[in-house]
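Chain and residue survey
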Amino acid sequence: MVELLISRGGIFWEAAAQSANGMIYTRGSSSDFDKYAKATEEPGWSWKNLQGYIKKNEKWLAPIDGHNATGQFDPSVHSITGVNAVSLAGFPQITNSRVLEVTEQSREEFPFNQDMNSGTLLGIGWVQFTINKGRRSSSATSYLSPEYVKRPNLDILVNTRVTRILPTVYVCSKPAFRMVEIVQKRTGVRRRLIASKEIILSAGAYGTPHILLSSGIGDASELKAVGVEPVHHISDVGKNLQEHPLVSSVWSINSNDTSIQYPRDPSFIAENLKQWTANHTGPLVLNGATHLIFSRLPNDSSILHLCGDPASGGNAPHFETILTMGLSMGSFTGHLAALVSIVASPTSRGNVTLKSSDPFVDPLINPGLLTSQFDKLTLREAVKTAMRFFAAPAWKDFVVGPLGGLADATTDKKLDKWIRQNAKAGDHPVGTAAMSPRNAKHGVVDPDLRLKNASGLRVVDASVLVSSELFDDL
């Protein structure tokens, strides 16, 4: 068994923002949401019907460096009236012009996409970030900013853990979950709060199933096996975990530009921190990523013939490539760039289960990475695509070559071995509290996100999302 590092983070906003994501803003393809709507038999999940909510969330801002962003995004698909800030990179990268050259030199494989958040992801486009004038923007900074924290109908408990969600009453043999048990430390007093209307659970694709299972909501036999008394049998809680497998290839480049050393050079950070502190400008406004590439396997691909097509539609990618400068470099030193290859439509599945009845014990997380043939073969093709990207004439005299084991991966067998040795979880877990049609026997929540066969509890986070081909199989 291979142990993986799994990222988990708790977020709150006080004097400064703390968050646990890469700030890349990607809505997904329109076909993803249209298939959610079809699979759940709820038209409200369609791409068209969700646009109003997306606009309520997004507040598009000009990049902090004031550069002319014409042609780098499509204003017609963005909102300036929402809450959560979205913007373009606020500092130029030395690779920008070369990337655009690739879209001209290899237009068939790497076409330019003016705005990937239009509902069509395919091609190369400028990365959009949840950045607010040089500072991180998130649900915490946007919805729990000082102006909202002061509201009289909002109380925030810090350093507090939800241990269980409990039923307050049964209606027609169905539980009504309106009680939350909380505690501030393992040996502390456990207090219970009762909601007058509903509880909304938003603990993420790992935290949500952990809380549900600890509450006795899950597969009854599995709960009994770890000493948890079953309260509400829903066998799919914690199942169907989907994660994006990725692998980073590191390349030596011919450049002395100091900005590409971020964030690996402490002296570079110290020198530029003064500028960022003064006006939130300079290279420290970057997260390292410059462009995204979303790609599909060719229609005549042997992989699709062998495994079928798990993507939601013709405008949905099979894999993604992220060009980064300064990030995902591992232990390599020198002037470097990285291409992060990611399977965007994985078919492997994992799960989240309880290790103990003690809610303070972390759950067992099995992301199931690369357990399907499709994922293994597609990640190989994604790496080959990344290599072709850097083989374009635009990178002549700039890209020297790959480092590490990739340099010696001259056959598919060697490449597969290198991928197995270096693959990681993409930190995009979904599906552990999946939604399904009303009255369906599978799934965890209904399309309105209410817990199945119960009342008083909704789940509102990425755990409700799952690749829609799952519904076709059940």
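The coordinates are above.
Below you will find a few notes about this structure. What you see as residue numbers is a count from 1 along each chain, following the sequence as written. Two thresholds apply to this predicted model, a pLDDT of at least 70 for residue-level local features and 80 or more for giving and counting side-chain atom pairs, whereas whole-chain, interface and lining totals are computed over all residues. Calculated side-chain values reflect all of the structure's heavy atoms, with hydrogen atoms and water omitted.

1. Side note on the overall build of the protein chain
- Here a strand is any run of E in DSSP of at least two residues, a helix any run of H or I of at least four, and the numbering for each starts at the N terminus. In terms of helices and strands, the protein chain carries twelve helices and 21 strands.
- On C-alpha atoms alone, the protein chain measures out to a radius of gyration of 23 Å, which is about the 23 Å that the 2.2 N^0.38 rule sets for 474 residues.
- The buried label applies to any residue whose accessible area, calculated with a 1.4 Å probe on protein chains only, is under 20% of its type's maximum; exposed applies above 50%, and partly exposed to all values in between. Looking at the protein chain as a whole, 50% of its 474 residues qualify as buried.
- Expressed as a percentage of contacts within the protein chain between residues at least 6 apart in sequence, the contacts between residues at least 24 apart total 70%.
- If you average the places of the 47 positive and of the 44 negative side-chain charges in the protein chain, the two averages end up 6 Å apart. For this measure, only C-alpha atoms enter the radius of gyration; the expected value for a globule follows 2.2 Å times N^0.38, where N is the number of residues. Any pair of residues with heavy atoms lying within 4.5 Å of one another is described as a contacting pair. When charges are counted, neither His nor the chain ends are considered; positive counts come from Lys and Arg and negative counts from Asp and Glu. To locate a charge, the coordinates of NZ of Lys, CZ of Arg, CG of Asp or CD of Glu are taken.

2. So, the pattern of salt bridges
- For this analysis, a salt bridge means a side-chain nitrogen from Lys or Arg found within 4 Å of a carboxyl oxygen belonging to Asp or Glu. This structure, assessed with the given rule, holds 18 salt bridges.
- Where R296 meets D309, a salt bridge forms, and the shortest distance between an N and an O atom there is 2.8 Å. Here R296, found in the loop between β14 (289-295) and α9 (302-307), pairs with D309, found in the loop between α9 and β15 (319-324); they are 13 residues apart in sequence, far enough to count as distant.
- Linking K384 and E381 is a salt bridge whose minimum nitrogen-to-oxygen distance equals 3.8 Å. One end of the pair is K384 and the other is E381, both in helix α10 (residues 373-390) and three residues apart, which spans about a single turn.
- Given a relative accessible area of 24%, K384 falls into the partly exposed group.
- On the basis of relative accessible area, E381 is assigned to the partly exposed category, the value being 23%.
- Among the charged side chains, a salt-bridge network with shared partners connects E198, R438, D448, R450 and R458.

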